[in-house]
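# Architecture and fold: a report
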Number of protein chains: 2
Amino acid sequence: MGARRRGLCETVIGVARSEDVCSAAVSLGVVDSAVLSLAEIAPTLGEGDVIFIAVPTLSVRKVLEQVRNHVSPAVTVTDGASVKGSVLRDVEAVYGEVPSQIVLGHPIAGSEKSGVTASNPDLYVRHRVILTPTPETGADHLQRATAIWEGVGAEVLHLSVPEHDEILGATSHLPHAIAFSLVDTLAHDSNNEQIFRYAAGGFRDFTRIASSDAVMWRDIMLANRQAVVKAIDLFVANVTRLRQAIQDEDGETLFNTFERAKIARDYFSKMLAERSGITLDKE
Amino acid sequence: MGARRRGLCETVIGVARSEDVCSAAVSLGVVDSAVLSLAEIAPTLGEGDVIFIAVPTLSVRKVLEQVRNHVSPAVTVTDGASVKGSVLRDVEAVYGEVPSQIVLGHPIAGSEKSGVTASNPDLYVRHRVILTPTPETGADHLQRATAIWEGVGAEVLHLSVPEHDEILGATSHLPHAIAFSLVDTLAHDSNNEQIFRYAAGGFRDFTRIASSDAVMWRDIMLANRQAVVKAIDLFVANVTRLRQAIQDEDGETLFNTFERAKIARDYFSKMLAERSGITLDKE
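A brief report on the enclosed structure follows.

Conventions we followed
Residues numbered from 1 in each chain as written. Chains lettered and ligands numbered in written order. Predicted model: local features only at pLDDT ≥ 70, side-chain atom pairs only at ≥ 80, totals over all residues. Heavy atoms only, no water. Pairing = 2+ DSSP bridges. Helix = DSSP H or I, 4+ residues; strand = E, 2+ residues; numbered from the N terminus. Right-handed = clockwise from strand over helix to strand, strands pointing away. Least-squares fit on C-alpha atoms with pLDDT ≥ 70 in both. Contact = heavy atoms within 4.5 Å. Phe/Tyr/Trp six-rings, centres within 6.5 Å; stacked < 30°, edge-to-face > 60°. Axes fitted to C-alpha atoms, helices over the stretch in contact; angles between N-to-C directions.

### Some remarks on the pairing of strand β8 (residues 155-158) of chain B
All names here are of chain B. Bridging between strand β7 (residues 128-131) and β8 involves 4 bridges; their strand directions are parallel. Within β8, the residue paired with V129 across the bridge is V156. The parallel pair β7 and β8 is bridged by helix α6 (residues 139-151), and the resulting crossover is right-handed.

Here it is as structure tokens:
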């Protein structure tokens, strides 16, 4: 939608599995036209065209199979899945190698909303997009993916696939696991009506991300399993130490932990605010 | 500051331990005048006057001792500490009973900021204040505390002391323990610069409360120890089940947990939004 509004592409064609989504996408102005199958439009695509795969992480492979079967190697193929290691393995499994046309990426923007009605042409303005090129990635394909992201207002950065997955495991996948788990814990409490009635707004910010799409997050947790389990283990060990300090009425440990967290939070917030004015937004 | 601006009191007098805070409070218009000791102004106080104790939870007792030594039983005494059971025990310890002048309360408003420079006369507008009267609480004193809170725009609700502490343990104290612990975990990671650099904004909302005052939160965790430990145990058990499901690649359990949390979050958000238009804000 952002690329279309800004005239970055001659035509934007949507591919979706349902007629309803296709017609909503056209009537909302997200795309110029929409079809039910990639095979329908694949013969018309060539050098300069870009396919953006935007499906839950574990569905990327099926789409890649269609791309391999129908699409020319001249076409640039990129994606927006939140885990890159599993998608890279899918590419290798489907193609038996990493073709130069593949440029994997992850826009660090979005919200707890999903679906075509959540489209927002300015979603990426002043947000970051992480691309994870491999040695096989073609310079022309990388340039084409970069141009579209920059064209919709994003700042493009590069990370290796393992760095991406470890960092996002800690900063995004772990907090989502915590938020889902917190809301699930409280919803099972016999006082749940009272709990949500008296919940303060900090709580609402805190649990907002637990409204995110369940399929998307199931896939992310499975696809980035090792990094997420490692991050949960570190976090649970830390919260267990804190629990013990509360149990033992160890005020000094509590104060030191809270003070250290406050200093770290304030330091990193300040660093980010000063750095570039880039808004880091929802996963 | 809100009461003063709205003319709810003839005079608002601040009591603080440092000259600097006293003069800042006067120059910022928070109070009409400020003194270093309650004893200085206690002889002038009588029926119709209200003392609001606004110190970290475990410092309330020292202030109560001064109140008992210097202040007439005709004066209404209320507080804003985040835990009510410990303050009630302090009242009983200091007075040997619960005097009718004591009206304990907890405004569900505030932010991660603290100190006189964080004063905001509209902080309580459309926010909730929980009062926890006991059978001993005098109707006139309860009425006077209620009138001030309503006068600054708040909605006043009543809970019993144990209900308050259990509900706030789950909705506020537990999320703060989690947020402090998450930031502390990530700050100790060898990748911490990268982690905070690539952190998404959901993460920033999520960790904002970890910038809260360390003394205030040390006191809250200690004062509401039993409820907080119980809440942490339930949460850790839940997050551990989730971790196991990720480890076991049990997509069905993950999907069900996330879907349940999403439904609960959305249901309670809708219920709150429809109920009254009251904004529930930061703890």
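On we go from here.
### Quick word on the relation of the copies chain A and chain B
At an RMSD of 0.0 Å, chain A and chain B line up after a rotation of 180° and a shift of 0.0 Å along the axis. Such a combination of rotation and displacement between the chain copies is what one expects of a two-fold axis. Closest to the rotation axis within chain A is the C-alpha of A:F206, separated from it by 2.4 Å. A symmetric contact is evident, with 100% of the interface residues of chain A recurring at the interface of chain B.

### Quick notes on the packing of aromatic side chains
Here a ring pair, both rings aromatic, is described through the centre-centre distance and the interplanar angle of the planes. According to the stated counting rule, one finds 7 aromatic pairs over all chains in the structure shown. Ring geometry for A:F235 versus B:F235: centroids 6.3 Å apart, planes at 80°, classification edge-to-face. Highlighted residues: A:F235 in helix α11 (residues 225-247) and B:F235 in helix α11 (residues 225-247), drawn from two different chains. Every member of this aromatic cluster is reached through a ring pair, and the members are A:F52, A:Y124 and A:W149.

### Here's the deal with the sheet that holds strand β4 (residues 76-79) of chain B
On the basis of which strands lie adjacent, the open sheet formed by 3 strands has the order β3-β4-β5 (chain B) and parallel pairing. In this open sheet, the two strands that pair with only one neighbour each are β3 (50-53) and β5 (102-103) of chain B.

### Notes on the sheet that holds β7(B)
Residues and elements named next belong to chain B. Strand order across the open sheet formed by 3 strands is β6-β7-β8, with mixed pairing between neighbours. Two strands close off the open sheet at either side, each with one partner strand: β6 (105-108) and β8. Ignoring strand direction, the axes of neighbouring strands in this sheet form an average angle of 25°. In this structure, β6 lies alongside β7, joined through 4 bridges in antiparallel fashion. Looking across to β7, one finds that I108 is bridged to R128.

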